[in-house]
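Overview (structure and organization)
Single-letter residue listing:
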Amino acid sequence: MVVFIACEDITKRKRAEDAVRESATRFRALIEHAFDGVLLLDRDCGILYASPSVERVFGYPPRELVRRNALELSILSIPTNSKMPGTDLQRHCQPGQCLHQRSAHST
């Protein structure tokens, strides 16, 4: 009879998973409590996520914005003095791109 036993130390992987989980929790808390409205957009400017503060900033409850198109709603703008080339929002809707719309009360 032959028995094979394989062991692997998963301590590093578990620590990395814990660190990712803690980081995600901190990031979510930051976004959920931000004074400015935060929208996560897909490549077509579809709204994937809207933070709770978007209601105060844009006047729409977050649940009404998810799955809608930011361009059709005309709720975002890029200032003409922006360092981003051009003012066409569609050109800026790239995967992973963060567009920041400050509330009127932000400093």
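Owing to the predicted nature of the structure, the values given are computational and were not obtained by experimental measurement.

Calculation notes
Residues numbered from 1 in each chain as written. Predicted model: local features only at pLDDT ≥ 70, side-chain atom pairs only at ≥ 80, totals over all residues. Heavy atoms only, no water. Phe/Tyr/Trp six-rings, centres within 6.5 Å; stacked < 30°, edge-to-face > 60°. Lys NZ or Arg CZ within 6 Å of the ring centre and 35° of its normal. Patch = residues over 30% accessible without salt bridge, like charges linked within 9 Å, V, L, I, M, F, W, Y side chains within 5 Å. Areas by Shrake-Rupley, 256 points an atom, 1.4 Å probe, with all protein chains shown as cover. Salt bridge = Lys/Arg side-chain N within 4 Å of Asp/Glu carboxyl O. Helix = DSSP H or I, 4+ residues; strand = E, 2+ residues; numbered from the N terminus. Buried < 20%, exposed > 50% of the residue type's maximum accessible area, 1.4 Å probe, protein only. Polar contact = N/O pair within 3.5 Å; in protein donor to acceptor, adjacent residues only side chain to side chain. Contact = heavy atoms within 4.5 Å.

**A look at the packing of aromatic side chains**
For the coordinates displayed, the defined rule picks out zero aromatic pairs. Looking at Arg56, its charged tip hangs above the ring of Phe35, at a distance of 3.9 Å from the centre.

**Here we look at a nonpolar patch on the surface**
Taken together, the side chains of Met1, Val3 and Ile5 define a hydrophobic patch exposed on the protein surface, amounting to about 460 Å² of accessible area. Considering the arrangement of structural elements, one finds Ile5 in the segment before α1 (11-32).

**Observations concerning the side chain of Ser53**
Turning to its location among the elements, Ser53 is positioned in the loop between β2 (47-50) and α2 (54-58). Its relative accessible area of 8% is what places Ser53 among the buried residues. Among the polar contacts listed, one links the side chain of Ser53 to the backbone oxygen of Ala34, at a separation of 3.3 Å. Ignoring sequence-local partners within four residues, the contact set of Ser53 consists of Ala34, Phe35, Asp36, Gly37 and Val38.

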